[in-house]
Amino acid sequence: MDASEDIAELQEEVFENESKALWVFAYGSLCWKPGFKFNKAVTGHVKGYKRRFWQGNVTHRGTEERPGRVVTLVEDSKGEVHGVAYAISGEAAIPYLSKRECQLGGYISHFATFHPISGEAFKVLVYVATPKNPLWMGDADEGAIAEQIIDCSGPSGHNVEYLVRLANFMRDHFSDNHDAHLFNLEKEVLSLIDRKNMCLNTLMGSGEGCVTFIKRNTSSRSSDRNDEEDRTDSFEHTTRIEEKTLRCLNL
Ligand SMILES: N[C@@H](CCC(=O)N[C@@H](CS)C(=O)NCC(=O)O)C(=O)O
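Structural notes, computed from the coordinates. (Residues numbered from 1 in each chain as written. Predicted model: local features only at pLDDT ≥ 70, side-chain atom pairs only at ≥ 80, totals over all residues. Heavy atoms only, no water.)

Structural notes on the environment of isoleucine 117
Selection rule: The way it works is that DSSP assigns letters per residue, a run of H or I at least four long becomes a helix, a run of E at least two long becomes a strand, and they are numbered from the N terminus. Between two residues, a contact is recorded if the distance between any of their heavy atoms is within 4.5 Å.
In this structure, isoleucine 117 sits in the loop between β5 (108-116) and β6 (122-128). With near-sequence residues (within four places) excluded, isoleucine 117 lies in contact with Glu12, Thr43 and Gly44.

Right under this line is the structure:
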């Protein structure tokens, strides 16, 4: 973890009252760089999609001359995409996401059903790029996509950082989830970096604004409290939390 990164807690459970908050599902850079304040974050998945590096990007990880590649969700009746859902807080999150995702990224938003690692499924807002948007790049040979990724960078950093931080997030939080497209691309990109004698550390940037999640194990709460007290307390605790401003770890 870079010294400039922030830490935030991943919770294990979403209580019924909390699922009525506005939640956003993250499956790309929002997993490791949300950029907005949230009250709660839980891992889980959405069904009926697959994650693909089929969206072009000229405002974060590429330029007009050399567009980068970022992820979107593509419909797939047998697919599942794992990521993290955030209970957003404050009024700034939606305008921020509208600008970052829609205005700058070509994504549109709609609702999907999120299945948390424990607890009932609930609705989440998800930002998806469709083939209708002008930045759409679509399917391509994974070797060609890898060549494009190592060749692109933009105002938010290198396209390699985008890919590797997402792969790291998935490894850290979903050990049994094999997103072949993501990890094949990572393997191809790391092999090209090696062959071209490039420096991965340099490509990964400073980590400014990135978040590393630590798991908060609610079941480890003091054992002398009954479930109801725990549940109520942890819900109140969740709502009582001031808007979570992520703190830097000055290690
Ligand atoms: N909506 C997806 C993808 C979001 C995404 O990766 N957006 C890109 C392109 S608009 C972005 O914000 N990149 C910021 C960055 O690369 O630092 C998610 O939930 O994570």
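Some words on the site of the ligand
Our working rule: We define proximity as follows: a residue is near a molecule or strand when any one of its heavy atoms falls within 4 Å of that partner. In protein, a polar contact means a hydrogen-donor-capable atom and an acceptor-capable atom, both N or O and within 3.5 Å, with residues adjacent in sequence counting only if both atoms are side-chain atoms; elsewhere, any N or O pair within 3.5 Å suffices. To be clear on the numbers: accessible area is Shrake-Rupley with a 1.4 Å probe, and residue cover counts the displayed protein chains and nothing else. Site definitions follow a grid-based scheme: protein atoms alone, a 1 Å grid, a 1.4 Å probe that fits but cannot get out for cavities, and for pockets an open set with protein on both sides within 12 Å along at least five of seven lines, plus lining residues having an atom within 4 Å of a point. If over half the atoms of a molecule are within 2 Å of the grid points of a cavity or pocket, the molecule is regarded as sitting in it. Classes in brief: Ala, Val, Leu, Ile, Met, Phe, Trp, Tyr, Cys and Pro nonpolar; Asp, Glu, Lys and Arg charged; the others, Gly included, polar.
Neighbouring the ligand are 17 residues; Gly28, Lys33, Arg61, Arg100 and Tyr162 lie closest to it. Within the backbone of tyrosine 27, an N or O atom sits 3.1 Å from an oxygen atom of the ligand. Glutamate 101 places a side-chain nitrogen or oxygen 2.7 Å from a nitrogen atom of the ligand. Protein chains shield 100% of the accessible area of the ligand, which is 510 Å² for the free molecule. When atoms are counted within 2 Å of each cavity's grid points, the one that captures over half of the ligand is the second largest pocket. Among the elements of the structure, β2 (23-26), α1 (29-32) and α2 (93-103) are those that each provide at least two residues to the shell around the ligand. Its residues assigned to classes, the shell around the ligand comprises seven nonpolar, six polar and four charged.

Topic: the packing of helix α4 (residues 159-173) against helix α5 (residues 180-195)
Where we set the bar: Note on method: axes are straight lines fitted to C-alpha atoms, helices fitted across the in-contact stretch only, with angles between N-to-C directions ranging 0 to 180 degrees. Between 65 and 115 degrees an angle is taken as roughly perpendicular, under 35 as roughly parallel, over 145 as roughly antiparallel, and anywhere else as oblique. Helix crossings get a hand from a simple test, with the near helix turned counterclockwise from the far one by less than a right angle marking a left-handed crossing and a clockwise turn marking a right-handed one.
In contact at an axis separation of 10 Å, α4 and α5 are set at 130° when each is read in the N-to-C sense. Considered as vectors, α4 and α5 are oriented oblique to each other. Of the two possible hands of crossing, α4 and α5 adopt the one that is left-handed. Residue-level contacts link Val160, Leu163, Val164, Leu166, Ala167, Asn168, Met170 and Arg171 of α4 to Leu182, Phe183, Leu185, Glu186, Val189, Leu190 and Ile193 of α5. Taken together, the residues that form the contact of α4 with α5 break down as twelve nonpolar, one polar and two charged.

With respect to the packing of aromatic side chains
What counts is decided by this rule: To pair, rings of Phe, Tyr and Trp, with the six-membered ring standing in for Trp, must have centres within 6.5 Å; the planes then decide the type, stacked if under 30 degrees apart, edge-to-face if over 60, and tilted in the middle. Relative accessibility decides the category of a residue: with a 1.4 Å probe and only protein chains considered, values under 20% of the type maximum give buried, values over 50% give exposed, and everything between is partly exposed.
Inspection of the entire model under this criterion finds 14 aromatic pairs. Seen in terms of ring centroids, phenylalanine 38 and tyrosine 86 are 4.8 Å apart; in terms of plane orientation they differ by 50°. Their pairing is tilted. Of this pair, phenylalanine 38 sits in strand β3 (residues 38-57) while tyrosine 86 is found in strand β4 (residues 68-88), placing the two residues 48 residues apart along the sequence. For phenylalanine 38, a relative accessible area of 0% puts it in the buried group. The exposure class of tyrosine 86 is buried, given its relative accessible area of 0%. Between the aromatic rings of tryptophan 54 and tryptophan 136, the centroid separation amounts to 6.4 Å while the plane-to-plane angle is 90°, which identifies the pairing as edge-to-face. Of the two residues, tryptophan 54 is situated in strand β3 and tryptophan 136 in the loop between β6 and α3 (142-150); the sequence distance between them amounts to 82 residues.

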